[in-house]
Amino acid sequence: MKTLGVYIHIPFCVRKCVYCDFLSAPAAEETQKKYVAALKREIEQNAPFYRDYTVETIFFGGGTPSILKAERIKGILNVLKVHYNIAKTAEITLEANPKTTDYEKLCALKIAGINRLSIGLQSADDRELKILGRIHTYKDFLQTYGDARAAGFGNINVDLISALPSQTLESWINTLEKAVSLTPPPEHISAYSLIVEEGTPLYEHLEQFPPIPDEETERQMYYETKRILERHGYERYEISNYAKQGCESRHNRIYWQRGISHTHDYVGFGLGASSTVGNSRWKNTSDMSSYLNGANIKEDQQTLSENDLMEEFVFLGLRMTAGISAAEFHRTFQKNIEDIYREPIEKWTSQGLLARDGDIIRLTDKGLDFSNTVFADFIL
Amino acid sequence: MSQISQSHIRNFCIVAHIDHGKSTLADRIIEKTGLLTSREMQDQVLDNMDLERERGITIKAQAVRTVYKAQDGDEYILNLIDTPGHVDFNYEVSRALAACDGAILVVDAAQGIEAQTLANVYLALDHNLDVFPVINKIDLPSARPDWVKNEIEDVIGLEAQDAPLISAKNGVGIEDVLEAIVHKIPAPGGKAENPLQALIFDSFYDSYKGVIVFCRVMEGRVAKGTKIKMLATGAVFETVEVGYFGAGQLIPCDELSAGMVGYLTASIKNVKDTTVGDTVTDADRPCASPLPGYKKVQPMVYCGLYPADGAKYPDLRDALEKLQLNDASLFYEPETSIALGFGFRCGFLGLLHLEIIQERLEREYNLDLVTTAPGVVYKVYKTNGEVIELTNPSNLPDPSEIAYMEEPIVNAEIMVTTEFIGSIMELCQERRGRYISMEYVEETRAVLKYELPLNEIIYDFFDALKSRSRGYASFDYDLKGYEKSELVKLDILINKEEVDALSFIVHKESAYERGRRMCEKLKDEIPRHLFEIPIQAAVGGKVIARETVKAMRKDVLAKCYGGDITRKKKLLEKQKEGKKRMRQIGNVEIPQKAFMAVLKLDNE
């Protein structure tokens, strides 16, 4: 049996945040209902393709999936359970934002089978939250976090973003300190540095926002993140992800470790969701009415060449601090990694951005800061 | 048609300041004489190359033959030879003029006489052409034809009271121009019985027919089978075809005789054998002497051209070879640069010519080029008595071996309205100009004469002139000669390594300023690396300016896009593509356009 990760996209939110470039928008109750119906149909129709798979992870991402009524989530999970082989130990994550859930809803989600929550806090500073266009305060977050623990969620991720408009090093440290001081502390923390994406309100009206921290401050924030989180028992296992031992997100690992083991396929259901199965890759339509219509929703279908697969083996695998294995590369491609990538490996090892420990090649701490510079040399 | 007698031929050209409507008038004449219907007309028929049409300038001389039924009832053959308008191509202009018997002077009804109006009229008068003026753009609200008529009479001394008043754009007054051509331009002289004497005024390479020679037959005749000889090169060929110019096509005919303008082909493989200005004669019955005026054109501006991708060197060589077939004034020879690898040192008539060649290489031959700083030809007098003509700064001998150096100086004429005289004089002073004279052509306009070092005007002088006169100043120049000058070589060091391709020769006084601006510019052009990169300007090993490219702090995609790897990969591919366009010098990757930085050292 091969393993499958299932991503389910919920493109709805209460209000779009200024930095958000994900496929998401507020929507009427009626649209949500139709969407969930279409989603269930898509999941069901595709089931025959995944008979040989065991679903190891399910991830409800968005948008704000927690905006949906609990019974809708439950309905989607039921379709999965009926038509797919779900592992008993499967990791089933739901992204949840404060002010979109309460204790009862969280209990219902728990009973429906969700066993991991990813809560979007982003900042513990209410002023910063307001600038971002978030609909909640830090206090709202505490409420949600408390409700989640009370409802029995034992595996929680908290999302944080640094380098926000007006943010200072002190306020970022404060956010980190508050996150690790939660009781009990979150099992997992994702700490991203803000990217001002084209097309977002933040990008279009950057001058109307308080200044974004300069590069120097941004780097200090980044180093503080690692320092503080490691001091509190989190290990950095990917460029922006930290976890207590054994609590790494298994779903994310499927994306990053796809190269490391090709039995790790993932399929995305819902509007604009991406899938990679074997050597084929596609993306669902981003147009809501086409999606609801249901016909020919797969777009950008491509077959990955061996070069594509080798490139991804490296640039996805190296995002993990554990690095990549030369032996595994050989097992996958029947080729020596040195024969393909001798030049970049030697170049970046000698410049201290890559480290080689026997079979393992990984980015050094410095290498993690310049990962794109390194990865670009691995594009064939 | 071949029966038309010599007395019914008119060979003429149109001269004008840039933008005064020369090409538009040419279009109307062609249209009016029935060679093309209005619908067939693509604007500006004579400007063949895409580039010419885009830039609205004429680069190569072109010719067309039309038939006009005049008011006296007779049919006349009108041979119109279009001439390039830019100073870079003055030599081509003068050859084209030599093929004509008369010229139409087009003057803008609003702007009046400009610098190139004067330069071109004098050029035409030097060739003993009968010149008559035409006042164009009378449809403009600001047109003042009477005032312009007086100006033409006062400044040039041409009779202008009965000058046709036209609007070439709207097709007004074209008939008057055609009648004036018939009556004011003389029929060509020469006798068909004399030995052949024909002037080459242009040529281009056709892959089927070989070189196509555009010529004006002065004496004698040439037909298929005539054994011809080029006087300057001595090359002998057998004529394969002769003919005249339709609109955009060549129309074969039986023979070309004295007074006619047309083309000939003779399986000539190399444009160099048919230099513009040379005389064609009959090899079996040669003429006594060549026609006057042949001179070898010397490139004025040199620069290095390198393929961005070193592997494309052979492609660049092929492309230059092909371009030279159509443009004998392009010079090139192989050179090597430590920074850029294998490339060519190329010589051009001027900066516009350089830009045009560069653009044609990139557009027509799909090449990515790195161009080094353009420079002029310096004369280096060595202490051992040797004289070097320096076209590449890297070849400058050690200062201890140099007695002195000379640089080319031009005579510049700038026509400007009085309100801008101050700022234009200031500009000329900054560019080391020597004031010669100032003459008022009327109360509000003056001609400023300066001697300027050529290396001060090859970069951005024209732009500076326009911006400081709000577009009103016009400019023309010709080479005066060489003068002794205090010149130094400015070197650029990137991460302590000298980059030969960035060196240039500069006057001692300007070295510091240029060096400083060069460093600033490069600082903006060179991307940040993992380490700090010092950029230094040095003269004779002494650093005179410095900037630093700070080290990059991060290059990481923090965000995880779920499973959307395609997007992430596109970013990396773009990054890799960007790297490919860089030149590796030591540990530093330098983008192509950094090598062009020196071109953009303007004051603003």
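Structure: above.
This structure is a prediction, so every number in the text was calculated from the model and none was measured.

Asks: Would you mind showing me how to read the packing of aromatic side chains here?
Replies: The geometry of two aromatic rings is summed up by the distance between their centres and the angle between their planes. All chains considered together, the criterion is met by 25 aromatic pairs over all chains. Plain terms: the ring middles of Y35 of chain A and Y291 of chain A are 5.3 Å apart, the flat faces sit at 40° to each other, and that makes the pair tilted. Placement of the pair is Y35 of chain A in helix α1 (residues 29–46) and Y291 of chain A in helix α10 (residues 288–293), with a sequence separation of 256 residues. Looking at Y291 of chain A, the relative accessible area reads 1%, which means it is buried. Taking 6.3 Å as the distance between ring centres and 25° as the angle between the ring planes, the aromatic pair formed by Y50 of chain A and Y84 of chain A counts as stacked. With Y50 of chain A in the loop between α1 and β2 (53–62) and Y84 of chain A in the loop between α2 (70–83) and β3 (85–96), the pair connects residues that are 34 residues apart, well separated along the chain. For the residue pair Y50 of chain A and Y84 of chain A, the accessibility class agrees, reading buried in each case. In this structure, K298 of chain A packs its charged tip against the face of F49 of chain A, placed 5.5 Å from the ring centre. Over the ring of Y482 of chain B we find K379 of chain B; its NZ or CZ atom is 4.3 Å from the centre of that ring.

Asks: What is the right way to read the side chain of S66 of chain A from this model?
Replies: All names here are of chain A. Relative to the elements of secondary structure, S66 occurs in the loop between β2 and α2. Its relative accessible area of 1% is what places S66 among the buried residues. Within the structure, the side chain of S66 is placed 3.1 Å from the backbone nitrogen of N97, a separation counted as a polar contact. Ignoring anything within four residues of it in the chain, the contact list for S66 reads L94, E95, A96, N97, T100, T101 and K105.

Asks: Got a minute to help me understand the sheet that holds strand β14 (residues 261–265) of chain B in this structure?
Replies: Within a sheet, adjacent strands bond to each other through the backbone by hydrogen bonds, running parallel or antiparallel. Residue and element names in this part refer to chain B. Pairing within the open sheet is antiparallel, and its eight strands lie in the order β10-β9-β15-β6-β7-β14-β11-β12. Edge strands, defined here as strands with exactly one partner in the open sheet, are β10 (236–238) and β12 (250–253). The sheet shows a mean angle of 40° between the axes of neighbouring strands, taken without regard to direction. By the bridge criterion, three bridges tie strand β9 (residues 227–230) to strand β15 (residues 279–282) in an arrangement that is antiparallel. Residue I228 lies in a different strand from β15, and its bridge partner there is D282.

Asks: Got a minute to help me understand the sheet that holds strand β15 (residues 360–363) of chain A in this structure?
Replies: Residue and element names in this part refer to chain A. The three strands are arranged β13-β15-β14 in an open sheet whose pairing can be described as antiparallel. The strands lining the two open edges of the sheet, one partner per strand, are β13 (324–325) and β14 (354–357). Bridge analysis of β14 against β15 gives four bridges, and the strand direction is antiparallel. Residue L354 lies in a different strand from β15, and its bridge partner there is L363. Here helix α13 (residues 337–350) sits on the sheet in contact with β13, β14 and β15, set at roughly 120° to β14.

Asks: What am I meant to see in the side chain of S193 of chain A here?
Replies: With respect to the element layout, S193 of chain A can be found in strand β6 (residues 188–193). Among the polar contacts listed, one links the side chain of S193 of chain A to the side chain of E218 of chain A, at a separation of 2.6 Å.

Asks: Hey, could you run me through the interface of chain A and chain B in this one?
Replies: A common measure of how large an interface is: the accessible area buried when the components associate. The interface of chain A with chain B comprises 42 residues on the first partner and 25 residues on the second. Around 3,300 Å² of area is buried between chain A and chain B when both sides are counted, 53% of it from carbon and sulfur atoms. Here chain A is connected to chain B by six salt bridges. In this structure, K569 of chain B and D308 of chain A form a salt bridge, with 2.7 Å as the shortest nitrogen-oxygen distance. On inspection of chain A and its partner chain B, the count reaches 10 residue pairs in polar contact (both at pLDDT 80 or more).

Cut-offs applied
- Residues numbered from 1 in each chain as written.
- Chains lettered and ligands numbered in written order.
- Predicted model: local features only at pLDDT ≥ 70, side-chain atom pairs only at ≥ 80, totals over all residues.
- Heavy atoms only, no water.
- Phe/Tyr/Trp six-rings, centres within 6.5 Å; stacked < 30°, edge-to-face > 60°.
- Helix = DSSP H or I, 4+ residues; strand = E, 2+ residues; numbered from the N terminus.
- Buried < 20%, exposed > 50% of the residue type's maximum accessible area, 1.4 Å probe, protein only.
- Lys NZ or Arg CZ within 6 Å of the ring centre and 35° of its normal.
- Polar contact = N/O pair within 3.5 Å; in protein donor to acceptor, adjacent residues only side chain to side chain.
- Contact = heavy atoms within 4.5 Å.
- Pairing = 2+ DSSP bridges.
- Axes fitted to C-alpha atoms, helices over the stretch in contact; angles between N-to-C directions.
- Buried area = accessible area lost by both parts, 1.4 Å probe.
- Salt bridge = Lys/Arg side-chain N within 4 Å of Asp/Glu carboxyl O.

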